[in-house]
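Structural characterization, general
The residues making up each chain are set out below.
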Amino acid sequence: MLDIRNLSKRFGRGESAVTALHEVSFSIKEGEFFTLLGPSGCGKTTLLRMIAGFEPPSGGALVLDGQDIAHTPPNRRPVNTVFQNYALFPHMTVAENVGFALGALGKRQAEIDETVGRMLDLVQLGHLAHRKSGELSGGQQQRVALARALAPKPRILLLDEPLSALDMKLRKEMQVELKRLQRETGLTFIFVTHDQEEALTMSDRIAVMSGGRFQQIAEPRDLYDQPANRFVAGFIGETNFLDGRCEGGQLILPEAEAPVPAAHDDGPVTVMVRPERVVLGAAQPGALVLQAKVEQLVYFGTDTHVHMALANGNTLVARVQNADQSDAACREGETIPVSLPGGALRLLPQEAA
Amino acid sequence: MGRSSEDHARVADTRRRWALASPALAIITLFSILPLLVVVVYSFLSPGDFGGVHWKLSFEGWFSVLFERDIFDDTVSLSDAHLTILTRSVVLSLATTVITLFLGVPTAWFIATRPQKQRAFWLLLITIPFWTNLLVRTIAVQEMIRSDGVFNRIMLGLGLIDEPIQMMFTNFALLVGMAYVFLPLMVLPVYSAIERFDFRLAEAGYDLYASRLYCLRRVILPMVRPGVIAGSILVFIPSLGAYVTPRIMGGGKSMMLGNLIEMQFGQGRNWPLGAALSLTLTALVLVALIWYSRLTGGGSRRD
Ligand SMILES: Nc1ncnc2c1ncn2[C@@H]1O[C@H](COP(=O)(O)OP(=O)(O)OP(=O)(O)O)[C@@H](O)[C@H]1O
Ligand SMILES: [Mg+2]
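Now for a quick tour of the structure. (Residues numbered from 1 in each chain as written. Chains lettered and ligands numbered in written order. Predicted model: local features only at pLDDT ≥ 70, side-chain atom pairs only at ≥ 80, totals over all residues. Heavy atoms only, no water.)

1. Things to note about the overall build of chain A
Summing up its helical and strand segments, chain A has 8 helices and 20 strands in all. Viewed in the frame of its principal axes, chain A has a C-alpha envelope of about 75 × 50 × 35 Å. Residue pairs in contact within chain A that sit at least 24 positions apart in sequence constitute 66% of those at least 6 positions apart. For chain A, the computed accessible surface area is about 16000 Å², with 48% contributed by carbon and sulfur atoms. Where the 35 positive side-chain charges of chain A centre and where its 42 negative ones centre are 7 Å apart. (Helix = DSSP H or I, 4+ residues; strand = E, 2+ residues; numbered from the N terminus. Contact = heavy atoms within 4.5 Å. Areas by Shrake-Rupley, 256 points an atom, 1.4 Å probe, with all protein chains shown as cover. Lys, Arg positive; Asp, Glu negative; His and termini not counted. Charge placed at Lys NZ, Arg CZ, Asp CG, Glu CD.)

Here it is in structure tokens:
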């Protein structure tokens, strides 16, 4: 329903120009929960503001339902935004805030009241309809902002880090709530966050951004298991990186005792392995076996992180479930064999890190 | 037992508060209430022969605010001269307020929407006149519009007019002078209101299908309203009592309340009437202030 083609954005002119977005292209499907994920300054807000209409694109097309809306002003786009700071109108009541868009569209009061009532029920705030918006808690303001943006039934709802101002517990609740709302309304959401966990738990698809470019667009599971490059692998979840080489269908790691078969072109590679896939102890068939010195055990309740040093000084982290293995599996200062099962290895082209 | 010790504490607390407030109360009494009382008392006395008052009760001062007695047959009629001056004062002050609103709000908007660094410069330009003597400023305006002043000479030089346009000593001249003098009082509070306005709210409105006009009406204006009202009051009240500007720009022809009052204490030698007129002016100001607190206080209570 939304096609973005070669969209780019530059701020300023001449020497001081900043390119916030380099020709990105992607499509969003009806009813999708699409997330833009990336570190600070990578252009997430800029992209969202272009979709909303606040920033004119420097180039490219923005096609919604077959129409190029790249230069349509925000008040004529069927797209609404939930702002990071909520931007509720402080001089209006909750109900007036939620009914604002319908009023601007010239709807009859009876219709506005009916919709506002429905929206407030949806976000479970019916009892606060006549409060001023400044007299609400952060979570409540968040819900009002949601209801306000949902009331005019937009084609797409844009959310710019809507949960970042909330504390951890409330944040988890709102994640569930948001997901429920999205399912109930069947609306298309474009959600911005720099929290990878939030992105993984909520999204249908995630676009990982960095430096104004898309690094990868994929479903959460694929993003985690098959990251396209070192940046994505490092940004999503925790990862170990080891430098190796492929030769004649064999992966050779300087630290490992023996090579393992690998289907990869010859040349230097970066080997990525998730900490939870690292097995303490030796001798699994088809696994890379390394000798590692246990440096530190960090206890996390459900699991323990084992920080190890390899012979050449590189570090390796393993995550062991406390239910499976007793603390006796290893001790700080000990040198133990460690296996990296062949299926857990992902080979990435080597980049200048 | 507990009850009475609590009462003691409350009494002590009340006493301490009065003690703390007493210097302020003394100053207010000495410099505000006492002089006002003197004016009230004087307004009920008879005029002295060479200014000052006779200590004899008389309502003539208050009577003369609105009425006059015929010199020959003592018939009472409304005092045209005083009524004209009173209405002129109110109308011109309102007009000054409206003019400064129309000039000041866009100016304030312009300054508030400049980049942060440039704002200080523009504000400086607005406040420079404040550092100049009022008399000098007013005479500068006079220089602009008098018959052989800058405006007329330019128009004559360009051949757009054949003879100078007479502008001095008219209501127009008065308005030009007052609007010029009081404009900064409008710009500054409106500026600070607009500057405090979070433009992301306007953006939110624009996102929610509001046209620019609807946004201005429903989002921006309600939020900068306190600044606009404060500016209007700051212009309206001193306009009502303006003295220097009407004196210079209006001459003896277009008098305002302030000039009338001054006349009673000067060549008119009618102090009781001057006192009564002063109190009338004070009452007008009070009405404006009550209206102001209704407009803003009512709003903030609902907030
Ligand atoms: N109005 C602007 N003028 C100049 N540069 C800008 C402007 N807005 C954004 N930028 C630049 O564009 C880049 C992307 O900014 P953007 O706000 O989109 O980042 P972001 O991904 O939303 O970051 P964050 O997670 O911190 O919100 C940044 O380098 C920023 O400095
Ligand atoms: Mg941002």
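2. Focus on the nonpolar core
Looking at soluble globular proteins, one finds that nonpolar side chains tend to be buried together. A:Leu2, A:Leu36, A:Leu47 and A:Ile190 are the most contacted members of the largest nonpolar core, which has 69 residues in total. For this core, the element with the highest residue contribution is helix α7 (residues 171–196) of chain B, accounting for 11 residues. The contacts of A:Leu47, once residues within four sequence positions are left out, are A:Leu7, A:Leu21, A:Val24, A:Phe26, A:Leu36, A:Met209 and A:Phe214. Counting 36 residues, the second largest nonpolar core, distinct from the first, contains A:Leu88, A:Leu122, A:Leu128 and A:Ala147. (Core = buried A, V, L, I, M, F, W, Y, C linked by side-chain atoms within 4.5 Å. Buried < 20%, exposed > 50% of the residue type's maximum accessible area, 1.4 Å probe, protein only.)

3. Topic: the sheet that holds strand β18 (residues 315–321) of chain A
Residue and element names in this part refer to chain A. Ordered in space as β15-β19-β16-β17-β18, the 5 strands form an open sheet in which the pairing is antiparallel. Only two strands of the sheet have a single neighbouring strand rather than two, namely β15 (279–280) and β18. In this sheet, strand β19 (residues 335–341) lies alongside β15 in antiparallel orientation, the contact comprising 2 bridges. Residue pairing in the sheet places Val279 in a bridge with Ser339 of β19. (Pairing = 2+ DSSP bridges.)

4. Digging into the site of ligand 1
Residue and element names in this part refer to chain A. Taken together, Phe11, Ala20, Ser40, Gly41, Cys42, Gly43, Lys44, Thr45, Thr46 and Glu161 make up all the residues around ligand 1. Here an oxygen atom of ligand 1 sits 2.5 Å away from a polar atom, N or O, in the side chain of Thr45. One of the side-chain nitrogen or oxygen atoms of Glu161 is found 3.3 Å away from an oxygen atom of ligand 1. Considering ligand 1 on its own, with 640 Å² of exposed area, one finds that the protein chains cover 60% of that surface. Counting residues per element, the shell around ligand 1 draws most heavily on helix α1 (residues 44–52), at 3 residues. Tallied by class, residues from the shell around ligand 1 come to 3 nonpolar, 5 polar and 2 charged. (Near = heavy atom within 4 Å. Polar contact = N/O pair within 3.5 Å; in protein donor to acceptor, adjacent residues only side chain to side chain. Nonpolar A, V, L, I, M, F, W, Y, C, P; charged D, E, K, R; others polar.)

Interpretation in functional terms is not warranted from these geometric data alone.
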